[in-house]
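Survey of secondary and tertiary structure
This is what each chain is made of:
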Amino acid sequence: MRIGLLTDGGYPYATGESRLWCDRLVRGLAQHEFDLFALSRSAEQEAAGWVRLPPQVAGVRTAPLWNADGDTLGLHAPRGPLARLLTGGGARTYARRERRRFAAHFADLVASVCAAAAPERGRTDAGRTEGGAASRLADERFTRGLYGLAELAWEHGGLPAALRSETAVRILEAACRAPGTGRTVQTATVTDLLAFTAELDRVLRPLSLDWYEEDGLGAVDLCHATAGGAAALPGLLAKRFFGVPLLVTEHAVRVRAHYLASGGAPVSAPVRALLANLHGRLATEVYRQADLITPGNTHARRWQERCGADPAKLRTVYPGMEAARFAALGESEDDGGPDTLVWVGRIEPAKDLIGLLHAFAEVRLAEPDARLRIIGVPAPGPAGAAYLARCRALAAQLFPEADAVGFEEIGGPEVPELAQAYAAGGVVVLSSVVEGFPISLVEAMFCGRATVSTDVGAVVEVIGGTGLVVPPRNPRALADACVALLRDPERRARLGAAARARALELFTVEQNLAAFHGIYLELIVRAPVRERPHPAPHDGPRPFATPPEAHVLGHWPEPAGPERADRTPSWAGAGSGDA
């Protein structure tokens, strides 16, 4: 089977999100052939290079989302010699007919983005019906505008320049001022409109790529998007243009990540509102078109359902993690330091180490010999270093004793490896106020450690009944739970053994690979047969290249229902070269 793996800011780059999970997936499913279609997030990421790719990766295509230049390598050029002659090959400007098409499609898209979402509270049944009809109309306009812009980009190129043009800004301004838009959006200034169009260009950059060919995404059997948002856009077009099935995996929902990131972003309220609406509309379309959606946990699944995902399409698949590196510690009788609490992770405000230090002050009042070891590195950037300095200053103020609290890094003389970080104490603590899938908690479970965690994200789902869970931002409750486990070694041992058994059952690489192997086969079996050109004679025979249905005379049956994807785009017709 040939899989088109769609990534955004991760694999095959050496840095980024989900790179380890993608590498394990590709290496573990060696019976399949993978084509990688990767979007990069920064020049630094590209400079860091790629990880070493296994032989089952047949090809790699990359494109940057961080470069605003319309001539970026990988953008689609105009179709046909006449179009290239008229535009100079770069498609910087559109002719009158193309400008009208762009204006109509762009107006549909931004009108749906600017449409206000009416609150549910206090509305009558008639109001809810009216609001639902308006939402469906906005979704239809977004879909029409999105795919219209995609076909325009394929036929004539030039979409990045058009999205940053004065025409686009004027259309966006008219949509923001139109009746029915939200109050926040109506206050957008020219600076806000320019900022939004620049971000819109980056989000829609995949529409302009040269990946939509018969030897590109048209040649794969299945598109597997490893995230929503921009990563899934090529999958949407592959399904619409070629009928390729689309599988979407989200360990962290893009809409939620945008909400979390926008709070501290230096942008105005109108821009934040427009971006939130844009990501929400895009998520709705991705979930509607996906043949199957695999959230990484129930917490992500609830977000997807809230964004319009059909529950019948959702199937939770936990991310697989390597258990072998923790096997020696998990199977040993060593219970770590009986009076030591351990925290492992990336040091940033979302982890609430300030609250943890205040909780540990309460622990020391009950257990004067207790120690706290904080093992991790600060988040990249000056904000992470500043937060670490603040934590160190607070620790020095609360605990004058030199050995009460320690800040260490993995790879140092005392903690050379990750497994030894969890071996350093008898209780592992997670104090986060925001969390997705708690990787450090699963690692502690593999090590057979008892845990105390805050009730955020997927913590309760992961831990089950094998650890103590307390409310976030509650140092007293966190301290009481830690003291209870420090004083009861038998309970610590029972919880640690149960946690390891649960982790080995649910969170291993093997269960993750088995799940996706079955999903791949299921989607291929359910997908309708797609007509493809026969291979050239000199290519040699290719087993199963032509399905048995291809030998039946007459037309192949099309999928039933109004949601059938268009098999052939308008630009693929015989008379499409009208540039």
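Everything that follows concerns the structure shown earlier in this document.
Attention in this report is confined to the structure presented alongside it.

**Side note on helix 4 (residues 96-114)**
Residues spaced three or four apart along an α-helix face the same direction, because each turn holds 3.6 residues. The end-to-end C-alpha distance of helix 4 is 26 Å, a good match for the 27 Å that 19 residues give at a rise of 1.5 Å each. Within helix 4 the residues assigned to the buried category are E98, F102, H105, F106, D108, L109, V110, S112, V113 and C114.

**So, the pattern of salt bridges**
Tallied over the entire structure, the rule returns 27 salt bridges. Residue R500 pairs with E331 through a salt bridge whose shortest N-O separation is 3.5 Å. Taken as a pair, R500 in helix 21 (residues 489-506) and E331 in helix 14 (residues 327-331) lie far apart in primary sequence, 169 residues in all. We classify R500 as buried; its relative accessible area is 11%. For E331, a relative accessible area of 59% puts it in the exposed group. Across the salt bridge formed by R373 and E408, the nearest N and O atoms sit 2.7 Å from each other. On the criterion of sequence distance, the pair formed by R373 in strand 8 (residues 371-375) and E408 in strand 9 (residues 405-408) is long-range, its members being 35 residues apart. On the basis of relative accessibility, which here comes to 11%, the residue R373 falls in the buried class. When its relative accessible area of 15% is taken as the criterion, E408 is described as buried.

**A few points about helix 10 (residues 233-242)**
Counting buried positions along helix 10 gives nine out of ten residues, so the element sits mostly inside the fold. The set of residues buried in helix 10 consists of L233, P234, G235, L236, L237, A238, K239, F241 and F242. Count one or two residues on from helix 10 and you reach G243, which has phi positive near 75°.

**Details of the sheet that holds strand 3 (residues 57-64)**
Spatially, six strands are ordered 3-2-1-4-5-6 in an open sheet, and the strand pairing comes out parallel. Edge positions in the sheet fall to strand 3 and strand 6 (292-295), since each has one partner strand and no second. Taken pair by pair, the neighbouring strands of this sheet meet at an average axis angle of 15°, ignoring direction. Note: strand 5 (residues 246-250) against strand 6, four bridges, orientation parallel. Along strand 6, the bridge assignment pairs V248 with I293.

**Here we look at the packing of aromatic side chains**
The full count for this structure, using the stated rule, is ten aromatic pairs. Consider the rings of F437 and F507, whose centres lie 5.8 Å apart with planes at 75°: the pair is edge-to-face. With a gap of 70 residues between them, F437 in the loop between strand 10 (427-430) and helix 18 (439-446) and F507 in the loop between helix 21 and helix 22 (509-526) connect regions that are remote in the sequence. For the residue pair F437 and F507, the accessibility class agrees, reading buried in each case. The structure contains a cluster of three or more aromatic residues connected by ring pairs, namely W21, F516 and Y520.

Conventions and cut-offs
- Residues numbered from 1 in each chain as written.
- Predicted model: local features only at pLDDT ≥ 70, side-chain atom pairs only at ≥ 80, totals over all residues.
- Heavy atoms only, no water.
- Helix = DSSP H or I, 4+ residues; strand = E, 2+ residues; numbered from the N terminus.
- Expected span 1.5 Å × (residues − 1).
- Buried < 20%, exposed > 50% of the residue type's maximum accessible area, 1.4 Å probe, protein only.
- Salt bridge = Lys/Arg side-chain N within 4 Å of Asp/Glu carboxyl O.
- Pairing = 2+ DSSP bridges.
- Axes fitted to C-alpha atoms, helices over the stretch in contact; angles between N-to-C directions.
- Phe/Tyr/Trp six-rings, centres within 6.5 Å; stacked < 30°, edge-to-face > 60°.

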